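Fold and geometry: a report
If you want the building blocks of each chain, they are given just below.
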Amino acid sequence: MNWDDTASPTDAEGRLVGASADGEDQAVEAALRPKSLDEFVGQERVREQLDLVLKAALARGATADHVLLSGAPGLGKTTLSMIIAAEMGAPIRITSGPAIQHAGDLAAILSSLQEGEVLFLDEIHRMSRPAEEMLYMAMEDFRVDVIVGKGPGATAIPLELPPFTLVGATTRAGLLPPPLRDRFGFTAHMEFYEPVELERVIHRSARLLDLVIDADGAAEIAGRSRGTPRIANRLLRRVRDYAQVKADGRITREIAAAALGVYEVDGRGLDRLDRAVLQALLKLFGGGPVGLSTLAVAVGEERETVEEVAEPFLVREGLLARTPRGRVATPAAWAHLGLVPPQHGGGANGGGAGGQQGLFGT
């Protein structure tokens, strides 16, 4: 329910627990998105702060300060941008950083904005540098300089802009240059959701989809959703399919567990790729340390896929650790796969054949 349309270029294609949104996700999300801050589930601190910012702006009769939303894909950045526009009673224009490759692209968008309009710029860290420098002046002074001509005869024509609110969204806030980051009046970081919050998301989505789900069924799906509402809604739809075909349509804990077992999503939210990485690390390399390239070859995936798709969740779950010598499995990884750590000097201490082989990975 609370999610954004951010798509990771390295997200494994067709991955049920991937946080990027495909065409089906975007169509369903449009129907499930909350329309106000009161309907928005989770992110209590961000909601409270943003509510104050918006109400104060309305009381002054002014446009809201520029807003920067950061966090992992699927946590609600696009949803919040639409809520900001709705709460301010303003239209919203949606674009993305990769779509703005030249300063002229940005100038065309800015010059067509209405007074008070909300401009949502997704993946703002991927915008080109010339456009980024033009945005500095637009955010601060509501003005851009349009360059006409080339060479010594070029002329800068100042173009006044109506007051607007920029809402920037990024999955990698560290890539934003300080001059751009400092021009946002309000900055919020979106946190991963707790299972209890995801249960509320699932119950709300089930009502909107006209599904019957009990508390245990919602808890089962929430526990496998990796702290991400988008994934929770995607799993709910797949469980719905299973319940309609294999059962009477009612979603219980047993039905949810059986359905997600078919889709290879285990009790902690790990899918085939996650388990393949752990199994290779444990069975082939004795728990590590092993180099990333070596590990990627072992699971038959690209290095970037392992590093950016599988690793973040495994590290966050405490199943894998990154060390200067390579990737190392934690005791929790051995326990999750039901394996017994080797008693020799291998594994996390870096000895053994597996650890030695991993030293040559990069």
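Fair warning: this is a prediction, and the values are worked out from it, not measured in the lab.

Another point: the overall build of the chain. Helix and strand counts for the chain come out as 15 helices and 11 strands. Counted over contacts in the chain with a minimum sequence separation of 6, partners at least 24 positions apart contribute 72%. Of the roughly 16000 Å² of accessible surface on the chain, 53% is carried by carbon and sulfur atoms.

On to the packing of aromatic side chains. Considering all chains together, one arrives at one aromatic pair under this definition. Ring centres of Phe 142 and Phe 164 lie 5.5 Å apart, and the angle between their planes is 80 degrees; on these two criteria the pair is classed as edge-to-face. Note that Phe 142 is positioned in the loop between helix H5 (129–141) and strand E4 (143–148) and Phe 164 in the loop between strand E5 (155–160) and strand E6 (165–170), a separation of 22 residues in sequence. Since its relative accessible area comes to 22%, Phe 142 is described here as partly exposed. Overall, the relative accessible area of 1% leaves Phe 164 in the buried class. The cationic tip of Arg 316 hangs over the ring face of Phe 192; the distance from NZ or CZ to the ring centre is 3.6 Å.

Ranked by internal contacts, the top residues of the largest apolar core, which has 47 residues, are Leu 50, Leu 80, Ile 202, Ile 213, Ile 221, Leu 236 and Ile 251. Ranked by residues supplied to this core, first place goes to helix H9 (residues 229–246) with seven residues. Once you skip the residues sitting within four places of it in the chain, Ile 251 turns out to touch Leu 211, Val 212, Ile 213, Asp 214, Gly 217, Ile 221, Leu 236, Val 239, Arg 240, Ala 243 and Ala 256.

Working note: a packed helix pair is described by the angle between its axes plus the distance between those axes. Running from N to C, helix H8 (residues 215–223) and helix H10 (residues 253–262) point in directions that differ by 30 degrees, and their axes come no closer than 7 Å. On the basis of their axis angle, the class for H8 and H10 is roughly parallel. Contacts from Asp 216, Gly 217, Ala 219, Glu 220 and Ile 221 of H8 reach H10 at Arg 253, Ala 256, Ala 257 and Leu 260. When its residues are assigned to classes, the contact of H8 with H10 shows five nonpolar, one polar and three charged.

A contiguous nonpolar surface patch, about 200 Å² in accessible area, is contributed by Val 146, Ile 157 and Leu 159. Positionally, Ile 157 belongs in strand E5. On the basis of relative accessibility, which here comes to 43%, the residue Ile 157 falls in the partly exposed class.

On to the sheet that holds strand E7 (residues 186–189), then. Spatially, five strands are ordered E2-E3-E6-E1-E7 in an open sheet, and the strand pairing comes out parallel. Pairing within the sheet leaves two strands with one partner each, and these edge strands are strand E2 (92–96) and E7. Across the sheet, the mean angle from the axis of one strand to that of its neighbour is 15 degrees, orientation sign disregarded. When E2 meets strand E3 (residues 118–122), the two strands line up parallel, connected through five bridges. In the sheet register, Thr 95 faces E3, and the bridge partner there is Leu 121.

In this section: unusual backbone geometry. The phi angle at Glu 123 is positive, at roughly 50 degrees, despite the residue not being glycine. Inspection of the secondary structure assignment puts Glu 123 in the loop between E3 and H5. Assessed through its relative accessible area of 8%, Glu 123 is described here as buried. Even without being glycine, Arg 226 reaches a positive phi, approximately 60 degrees. Structurally, the position occupied by Arg 226 is in the loop between H8 and H9.

Moving on, we come to the environment of Leu 209. Following the sequence through the fold, Leu 209 ends up in the loop between helix H7 (195–208) and strand E8 (212–213). Judged by relative accessible area, which is 24%, Leu 209 ranks as partly exposed. Residues Leu 209 and Leu 236, 27 residues apart in the sequence, show an inter-C-alpha distance of 9.9 Å. The contact partners of Leu 209, leaving out residues within four places of it in the chain, are Leu 32, Leu 236 and Arg 240.

Let us now look at the pattern of salt bridges. Per the stated rule, a full pass over the model turns up 17 salt bridges. A salt bridge links Arg 93 to Glu 117; the shortest N-O distance between them is 3.3 Å. Here the residue Arg 93 occupies a position in strand E2, and Glu 117 occupies one in the loop between helix H4 (103–111) and E3, the gap between them amounting to 24 residues. Looking at Arg 93, the relative accessible area reads 26%, which means it is partly exposed. In this structure Glu 117 comes out as buried when scored by relative accessible area, which is 3%. Of the charged contacts in the structure, one is a salt bridge between Asp 241 and Arg 238, with a shortest N-O distance of 2.9 Å. Of the two residues, Asp 241 and Arg 238 both sit in helix H9, three residues apart, roughly one turn of that helix. Asp 241 sits in the partly exposed class, given a relative accessible area of 25%.

Criteria and cut-off values
Residues numbered from 1 in each chain as written. Predicted model: local features only at pLDDT ≥ 70, side-chain atom pairs only at ≥ 80, totals over all residues. Heavy atoms only, no water. Helix = DSSP H or I, 4+ residues; strand = E, 2+ residues; numbered from the N terminus. Contact = heavy atoms within 4.5 Å. Areas by Shrake-Rupley, 256 points an atom, 1.4 Å probe, with all protein chains shown as cover. Phe/Tyr/Trp six-rings, centres within 6.5 Å; stacked < 30°, edge-to-face > 60°. Buried < 20%, exposed > 50% of the residue type's maximum accessible area, 1.4 Å probe, protein only. Lys NZ or Arg CZ within 6 Å of the ring centre and 35° of its normal. Core = buried A, V, L, I, M, F, W, Y, C linked by side-chain atoms within 4.5 Å. Axes fitted to C-alpha atoms, helices over the stretch in contact; angles between N-to-C directions. Parallel < 35°, antiparallel > 145°, perpendicular 65-115°, else oblique. Nonpolar A, V, L, I, M, F, W, Y, C, P; charged D, E, K, R; others polar. Patch = residues over 30% accessible without salt bridge, like charges linked within 9 Å, V, L, I, M, F, W, Y side chains within 5 Å. Salt bridge = Lys/Arg side-chain N within 4 Å of Asp/Glu carboxyl O. Pairing = 2+ DSSP bridges.

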